[in-house]
Structures are given as structure tokens and as C-alpha cells.
Amino acid sequence: MAALKNLRIGTRLGAAFGLITLLMVSLALLAGHSLSGVRGDMDSVVHDLYIKVKLVASIGSDVNLQARAVRNLVIMESPAQREQEVQALMASRERLAKSYEALEARVHTAQGHALFKHLQDERRTYLAAQNDFLKLVQSGDIAAARQALLDTLRPRQLAYMKRLDEMTEFQE
């Protein structure tokens, strides 16, 4: 402390200014480094996680559209109306196939692959039940189709939606 008192005021002010400048540069470097980490996290969210969540939401939307189309098939009386619903159902299946391809390409972790496999397994089960239902509708057996909808297809759809929710939660 006595050595500082022996220094001239200009030297003391210069040393203090230099120390403050050094601290400010250090803080700026630390802030820059921290911001680069935040940027990397944001890139991951925007270019990976958000896209996956959006794809899963799109899949869920199409599954709900299919549920409405299936319901309409047992409600509608006109063969022309039923054919429109079947066409909407098939178009939805095509969109789903593309969405699944895009999602599969973006899954990179072991847990993500496991969830995706469970989702695909549930999808296959749901599509098998949906195909059986469509055969009943196309054969004109609407009463049996209605029963299949309630007993088989709806529970399969609910299980499928649960798997979609699990995938969304994992990505969030």
C-alpha cells in the first residue's frame, strides 16, 4: 500500500485505468464466448428440434384427419361421399409416409430411434386395423365397420396418438 502512495497520481490513475480496461476486455471475451454457446443451442432448437416437433404435429394432424374420415365413412350414406372420404384418407396416408421419411432422417439419438421404432410399430398396427375397416366399408357391411371402428380402430388410434405425444415430449 505504501508503494502505491509513493507513485505519482498520473501513474496511479493510469494503472487503475489499465486494470479497468483489462477487466472490461475480459468481460467482453467471456460474454462473446457465452453468446456463441447460446447461438449453438438456438441453432439446434431452430434447425433440428423445432422441425421434428413440427413434423410430429403434422403427423398427429393427419391421424386426426384420418379419424374424422373413418368416422364419416360409417355416417355417410352416399357411395360418392364415401369415395371422397376414402380418397382423403389415401391422400393423408401419402402425406404421412413423406412426413415419416423426413422425421426418420432427423432422428439421431438412441432414445429417439427407440421412440421412432415404437411409433412405427404402432402405426403399422393402426394401418392394419384401418385396412380391415376399409374392407368392411367397401363390402357394404357398415354395421360391422361401425363395430370395428369402436372395438378395434379407435383404441389403435388412441395408442398411436399416445406414441406421437411421447415423441413430441422427447423432442421438446
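Because the structure is predicted, anything quoted here is derived from the model rather than measured.

Conventions we followed
- Residues numbered from 1 in each chain as written.
- Predicted model: local features only at pLDDT ≥ 70, side-chain atom pairs only at ≥ 80, totals over all residues.
- Heavy atoms only, no water.
- Helix = DSSP H or I, 4+ residues; strand = E, 2+ residues; numbered from the N terminus.
- Rg over C-alpha atoms; globule rule 2.2 N^0.38 Å.
- Buried < 20%, exposed > 50% of the residue type's maximum accessible area, 1.4 Å probe, protein only.
- Contact = heavy atoms within 4.5 Å.
- Areas by Shrake-Rupley, 256 points an atom, 1.4 Å probe, with all protein chains shown as cover.
- Lys, Arg positive; Asp, Glu negative; His and termini not counted.
- Charge placed at Lys NZ, Arg CZ, Asp CG, Glu CD.
- Polar contact = N/O pair within 3.5 Å; in protein donor to acceptor, adjacent residues only side chain to side chain.
- Axes fitted to C-alpha atoms, helices over the stretch in contact; angles between N-to-C directions.
- Parallel < 35°, antiparallel > 145°, perpendicular 65-115°, else oblique.
- Left-handed = near helix turned anticlockwise from the far one by under 90°.
- Nonpolar A, V, L, I, M, F, W, Y, C, P; charged D, E, K, R; others polar.

> Even after reading the chapter, I still don't get the overall build of the protein chain, so can you show me in this structure?
A count of helical and extended segments in the protein chain gives 5 helices and 0 strands. Taken from the N to the C terminus, the helices and strands of the protein chain come in the order α-α-α-α-α. Its C-alpha atoms give the protein chain a radius of gyration of 30 Å, clearly above 16 Å, the size a compact globule of 172 residues would have. Its C-alpha atoms give the protein chain principal-axis dimensions of roughly 105 × 30 × 25 Å. Relative to its full complement of 172 residues, the protein chain shows a buried share of 30%. Excluding contacts between residues fewer than 6 apart, the proportion of contacts in the protein chain whose partners are at least 24 apart in sequence is 77%. Surface exposure of the protein chain reaches about 11,100 Å², of which carbon and sulfur atoms provide 61%. Of the side-chain charges in the protein chain, 22 are positive and 19 negative, and the distance between the mean point of each set is 10 Å.

> I keep staring at the side chain of Ser 92 and nothing clicks. Help me out?
Its location among the elements puts Ser 92 in helix α3 (residues 79-106). Within the structure, Ser 92 has its side chain in polar contact with the side chain of Gln 66 (distance 3.2 Å). Once residues within four sequence positions are removed from consideration, Ser 92 is found in contact with Asp 62, Leu 65 and Gln 66.

> Is there a simple way to think about the packing of helix α4 (residues 110-138) against helix α5 (residues 142-171) in this case?
Between α4 and α5, whose axes approach to 9 Å, the crossing angle comes to 165°. With respect to their mutual orientation, α4 and α5 come out roughly antiparallel. You can see that α4 and α5 cross each other, and the crossing is left-handed. The class makeup of the residues in the contact of α4 with α5 is 19 nonpolar, 7 polar and 5 charged.

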